[in-house]
Amino acid sequence: MLMEALGSGLLGLALAGAAVRALGERLPSSRTVLVSGVAGALFGAYLTHMSLGPGHNSLAATLLGSVSVSAVVLSLLLRPTGHSGRRRSRPPFSLPTRS
């Protein structure tokens, strides 16, 4: 269990570091991304370990589950790019005004 936690934490940290390096302008602060990546990986390892049940503990499956959940958590932090081709006529969720 200790190797699963340590390995998943390191994989989450590596995945978050790669995300900060590749998509730094679309993510919040790097500290938030790194903490979210590690927390997502640890939760993914716990979730995978508990869903496999006793007697089916596989280190590779647990690490795969932790990386998957960490990637999902990191994808939720992405902001859209500010360079879309068309302009909006009004802000989203606003009511039209009468002229």
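None of these values were measured; they are calculated from a predicted model. (Residues numbered from 1 in each chain as written. Predicted model: local features only at pLDDT ≥ 70, side-chain atom pairs only at ≥ 80, totals over all residues. Heavy atoms only, no water.)

Participant: Quick question: what am I supposed to make of the overall build of the chain here?
Facilitator: Looking only at helices and strands, the chain has three helices and zero strands in total. The proportion of buried residues among the 99 residues of the chain is 24%. The long-range share in the chain, meaning contacts at least 24 apart out of those at least 6 apart in sequence, stands at 72%. In the form shown here, the chain has an accessible surface area of approximately 7400 Å², with 66% of it arising from carbon and sulfur atoms. (Helix = DSSP H or I, 4+ residues; strand = E, 2+ residues; numbered from the N terminus. Buried < 20%, exposed > 50% of the residue type's maximum accessible area, 1.4 Å probe, protein only. Contact = heavy atoms within 4.5 Å. Areas by Shrake-Rupley, 256 points an atom, 1.4 Å probe, with all protein chains shown as cover.)

Participant: Would you mind showing me how to read the side chain of S66 here?
Facilitator: Checked against the element boundaries, S66 lands in helix α3 (residues 59-76). Aside from chain neighbours lying at most four places away, what touches S66 is S8, G40, A41, G44, A45 and T48.

Participant: What should I look at first to understand helix α2 (residues 30-52) in this one?
Facilitator: One full turn of an α-helix is made of 3.6 residues, so residues set three or four places apart face in the same direction. Look at α2: 33 Å from first C-alpha to last across 23 residues, which is about the 33 Å you get at 1.5 Å a residue. Along α2, the positions that sit buried rather than exposed are V33, S36, G37, G40, A41, G44, A45, T48 and H49. In this fold, the buried residues of α2 make contact with α1 (2-23) and α3. Looking one or two places after α2, you find G53, whose phi comes out positive at around 85°. (Expected span 1.5 Å × (residues − 1).)

Participant: What is the right way to read the packing of α2 against α3 from this model?
Facilitator: Close contact between α2 and α3 brings their axes to 7 Å; oriented N to C, the two are set at 140°. Classified by the angle their axes make, α2 and α3 are oblique. Every pair of crossing elements has a handedness; the one defined by α2 and α3 is right-handed. Residues V33, S36, G37, G40, A41, F43, G44, A45, T48 and L52 of α2 form the contact with α3, whose participating residues are A61, T62, G65, S66, V69, S70, V73 and L74. Among the residues making up the contact of α2 with α3, the classes are represented as nine nonpolar, nine polar and no charged. (Axes fitted to C-alpha atoms, helices over the stretch in contact; angles between N-to-C directions. Parallel < 35°, antiparallel > 145°, perpendicular 65-115°, else oblique. Left-handed = near helix turned anticlockwise from the far one by under 90°. Nonpolar A, V, L, I, M, F, W, Y, C, P; charged D, E, K, R; others polar.)

Participant: Would you mind going over the environment of L13 with me for this structure?
Facilitator: Structurally, L13 can be placed in helix α1. Note on L13: relative accessible area 40%, which makes it partly exposed. A sequence separation of 54 residues divides L13 from V67, and the C-alpha atoms of the two residues are 9.9 Å apart. Apart from the residues within four sequence positions on either side, L13 is in contact with L34 and V38.

Participant: Is there a simple way to explain the packing of α1 against α3 in this structure?
Facilitator: What describes two packed helices is the angle between their axes and the distance between those same axes. Closest axis-to-axis distance for the α1/α3 pair is 9 Å, and the angle between their directions is 35°. In this structure, α1 crosses over α3, and the sense of that crossing is right-handed. Across the interface between the two elements, M3, E4, G7, S8, L11, G12, L15, A16 and A19 of α1 pack against L59, T62, L63, S66, V67, S70, A71 and L74 of α3.

Participant: Help me understand the nonpolar core, please; the structure alone is not making it clear to me.
Facilitator: Nonpolar side chains tend to gather and get buried jointly when the protein is soluble and globular. Grouped together as the largest cluster of nonpolar side chains are five residues: A16, A19, L27, V33 and L74. Contacts of L74, omitting those with residues within four sequence positions, involve L15, A16, A19, L27, V33 and G37. (Core = buried A, V, L, I, M, F, W, Y, C linked by side-chain atoms within 4.5 Å.)

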